[in-house]
Structures are given as C-alpha cells and as structure tokens.
Amino acid sequence: QVQLVESGGGLVQAGGSLRLSCAASGSTFRINAMGWYRQAPGKQRELVAAVTTGGITNYANSLKGRFTISRDNAKNTVYLQMNSLKPEDTAVYYCHSNTIGGLYNYWGQGTQVTVSS
C-alpha cells in the first residue's frame, strides 16, 4: 500500500501563487507516476499534471505555462507550483500515484485551493 499526504493548499488572490506538496509513504518502491488531479464543484475530476520516476511530465494543455510539476524521488515527494492563479483554478486538488502499468492507483485526501477574484 502507498499513502499520500498533501499539503500547501489555501486561499489566494487571483494572480497569486501556491505550491502544493505530496509525500508518499509505505510501499513507495512500487510507484511509477505521481501527479495531481483536481475537482471543482459540479465538475469531473481532471488531470492537472503528472511525472514519472524517470522525469517524463504530462500536463493538461490548458495549464501549461502556469503550473509546473516536479518530483524528488529521494524524498518520494511531488510538488505542484501554481502561478498566475485564476478563480477557475478553485478546486480540491488530489495527489495521485500509480504503479507500472497502472495496475494500482492511490489517492491522497485532497487539499482545497481557493482563488478569489
């Protein structure tokens, strides 16, 4: 099993920045990709960004240039730097990880990000 614990959410004004962190524990040797999803009220959960153990990144097209994902494999931690935040970025952000082949998926409890206009 893998446990994911997020931190760094909060309230920020439009144009501001936040940095989310997600630390993995447990059977971390099984992890391949780590990343972030978000879910706004009344909407489906969507991919924000993900990064593999080898450093290959994948971003939602609409977020490229504002959000940056990074990963510290030694610390089993993934980060999401969010800049130029907009009110529409308001959502619960969930940390996610999976094993090679996507056989197992793990989720954090979520952290609220609220961007005020």
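So, here's what we can say about the structure. (Residues numbered from 1 in each chain as written. Predicted model: local features only at pLDDT ≥ 70, side-chain atom pairs only at ≥ 80, totals over all residues. Heavy atoms only, no water.)

Considerations on the overall build of the protein chain
As a reminder, the rule being used: Secondary structure counts use DSSP, requiring at least four H or I residues in a row for a helix and at least two E residues in a row for a strand, with both numbered from the N terminus. Atoms considered for the radius of gyration are the C-alpha atoms alone. The globule rule reads 2.2 Å times the number of residues to the power 0.38. Per-residue accessibility, obtained with a 1.4 Å probe over protein chains only, is compared with the maximum for each type, and a residue is labelled buried under 20%, exposed over 50%, and partly exposed between these values. Note on definitions: a residue-residue contact is assigned when non-hydrogen atoms from the two residues lie within 4.5 Å. The Shrake-Rupley method, run with a 1.4 Å probe sphere, supplies the accessible areas, and residue values consider only the shown protein chains as cover. In this count, Lys and Arg are taken as positive residues and Asp and Glu as negative ones, while His and the chain termini are left out. The location of each charge is read from NZ of Lys, CZ of Arg, CG of Asp or CD of Glu.
Within the protein chain one finds zero helices and 11 strands. Secondary structure of the protein chain in N-to-C order comes out as β-β-β-β-β-β-β-β-β-β-β. Taking 13 Å as the expected radius of gyration for a compact globule of 117 residues, we find that the protein chain reaches 13 Å, a close match to that expectation. A burial count over the protein chain gives 43% of its 117 residues as buried. Taking contacts inside the protein chain between residues at least 6 apart in sequence as the whole, the part at least 24 apart equals 53%. Carbon together with sulfur atoms contributes 49% to the accessible area of the protein chain, which is approximately 6100 Å² in total. Considering the protein chain, the positive charge centre built from 10 side chains and the negative charge centre built from 5 side chains are found 4 Å apart.

Things to note about the state of the cysteines
The line we're drawing: Any pair of cysteine sulfurs within 2.5 Å is marked as a disulfide.
Enumeration over the complete set of coordinates arrives at one disulfide. The disulfide partner of Cys 22 is Cys 95, and the S-S distance across this bridge is 2.0 Å. Between Cys 22 and Cys 95 the sulfur-sulfur dihedral comes to about -85°; the bridge is accordingly left-handed. Of the two residues, Cys 22 sits in strand 3 (residues 18-26) while Cys 95 sits in strand 9 (residues 91-99), which places them 73 residues apart along the sequence. Of the two residues, Cys 22 and Cys 95, both sit in the buried class.

Quick notes on the pattern of salt bridges
So the rule is basically this: Salt-bridge detection follows one rule: a side-chain nitrogen of Lys or Arg within 4 Å of a carboxyl oxygen of Asp or Glu.
Enumeration according to the criterion identifies three salt bridges in this entry. One salt bridge in this structure joins Arg 38 and Glu 46, with 2.7 Å as the shortest N-O distance. Classification of Glu 46 by relative accessible area gives partly exposed; the value is 37%. Where Arg 66 meets Asp 89, a salt bridge forms, and the shortest distance between an N and an O atom there is 2.8 Å. Within this pair, whereas Arg 66 is found in the loop between strand 6 (57-59) and strand 7 (67-72), its partner Asp 89 is found in the loop between strand 8 (77-82) and strand 9, the two being separated by 23 residues in sequence. Exposure remark for Arg 66: the relative accessible area of 13% places this residue in the buried category. The exposure class of Asp 89 is buried, given its relative accessible area of 0%.

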